[in-house]
Amino acid sequence: MAQHFDFSIDPDFTEDELETGRLLFARGAEFVIGCASLSQLPPGDRMEVCFAGRSNVGKSSLLNAITGRKALARTSNTPGRTQQLNYFDINSQLYVVDLPGYGYAEAPKKVVEAWQTVLHGYLAGRANLRRVFALIDGRHGIKAVDHEMFDALDRAAVPFQVILTKADKPRASELEAAIARTQEGLQRHPTAFPQIIITSSETGRGVDKVRAAIARLMSEG
Ligand SMILES: Nc1nc2c(ncn2[C@@H]2O[C@H](COP(=O)(O)OP(=O)(O)OP(=O)(O)O)[C@@H](O)[C@H]2O)c(=O)[nH]1
Ligand SMILES: [Mg+2]
């Protein structure tokens, strides 16, 4: 019998946890290195989380939002712009990694294949990677390429948590539908974390919860 998972929306954090999250990122972030290959990764001497998702889903924008820095990570209207694993250091305690987007149809096949190798090698092999934040566009919900990525995470037993992005764009009813489809789609992924965070880098919605979720992970050691 298939197991049934409940995916709750917008986890509750205490005031203390939200404050801890705010403080964690209050001193901003520093760009460390952009890695084009696995041999360039910095030593895994601290906790690490990463932002993964389709091209243009809003990974770099969310990183800028949680660090309160408008142009820390480069954002772009041109999909596929982030071509490296971009490492950001938070207080010498934590790495947040901005990953290159996947599923960009117009990228040359060779480029796509090379990236998949790097990406999958990273996701499966990075011992200090505690959680992947899997960003999904709040207008569309999970697509086939996202399922492929989630399957890879399931196989590598890397826990991931879904963050819906661009929540300012869809109408309320469209957002509700995308949430429902996402909850449904996650049923088949045993390594999905059972809480979904709804965000907008434009309005700031949910940004405090992303910070608190990362701070909670750190407090869990
Ligand atoms: N309305 C709205 N637009 C957003 C939001 N987040 C990102 N965008 C826009 O979406 C586009 C892509 O954002 P990025 O943050 O560069 O997306 P990305 O996932 O890093 O893209 P790649 O690095 O190419 O994979 C930019 O034009 C952003 O301004 C949001 O919350 N609301
Ligand atoms: Mg980017």
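Sequence positions are assigned chain by chain, starting from 1 and proceeding in written order. Following the order in which they are written, the chains are lettered starting with A and the ligands numbered starting with 1. Local features are withheld for residues below a pLDDT of 70 in this predicted model, meaning they are given only at 70 or higher, and side-chain atom pairs are given and counted only at 80 or more; totals for whole chains, interfaces and linings count all residues.

Chemist: Can you break down the sheet that holds strand β3 (residues 47-53) residue by residue, with the values?
Modeler: In this analysis, strands are considered paired if DSSP registers two or more bridges between them. Secondary structure counts use DSSP, requiring at least four H or I residues in a row for a helix and at least two E residues in a row for a strand, with both numbered from the N terminus. Read across the sheet, eight strands follow the order β1-β8-β7-β6-β3-β5-β4-β2 without closing on themselves; strand pairing throughout is mixed. Across the chains shown, the open sheet's two edge strands, defined by having one partner strand only, are β1 (8-9) and β2 (30-35). Here two bridges tie β1 to strand β8 (residues 195-198), and the two strands are oriented parallel to one another. Its bridge partner being in β8, S8 is matched across the sheet by Q195. Residue pairs qualify as contacts under a 7 Å threshold applied to their C-beta atoms, which are placed from the backbone. Note on definitions: angles span 0 to 180 degrees between N-to-C directions of axes, and those axes are lines fitted to C-alpha atoms, for helices only across the stretch in contact. On the sheet, helix α6 (residues 207-219) packs against β3, β5 (94-98), β6 (129-137), β7 (160-165) and β8 and is oriented at approximately 145 degrees with respect to β3.

Chemist: Please provide a residue-by-residue account of the packing of helix α3 (residues 109-125) against helix α4 (residues 144-156), values included.
Modeler: For any two helices packed against each other, the geometry comes down to the angle between their axes and how far apart the axes lie. Two elements in contact, α3 and α4, have axes separated by 9 Å at closest approach and are oriented at 35 degrees. Two packed elements cross with a definite hand, and for α3 against α4 that hand is right-handed. Of α4, the residues touching α3 (which contributes H120, L123 and A124) are A152, L153 and A156. Gly falls in the polar group here, along with every residue not listed as nonpolar (Ala, Val, Leu, Ile, Met, Phe, Trp, Tyr, Cys, Pro) or charged (Asp, Glu, Lys, Arg). Of the residues belonging to the contact of α3 with α4, the class tally is five nonpolar, one polar and no charged. Crossings are classed by handedness, with left-handed meaning an anticlockwise turn of the near helix from the far one by less than a right angle and right-handed meaning a clockwise turn.

Chemist: Any details on the environment of A52? Residues and values, ideally.
Modeler: Secondary-structure assignment places A52 in strand β3. Sequence separation between A52 and M149 is 97 residues, and the spatial gap between their C-alpha atoms is 9.1 Å. With residues up to four places along the chain from it excluded, the contact list for A52 reads L99, V132, A134, L135 and M149.

Chemist: Report on the confidence of the model for the chain, specifying residues and quantitative values.
Modeler: Think of pLDDT as the predictor's per-residue confidence, scored from 0 to 100. The share of residues in the chain with pLDDT of 70 or more is 94%, and the mean pLDDT across the chain is 90. Per-element confidence in the chain ranges from a low mean pLDDT of 85 for α3 to a high of 98 for β7.

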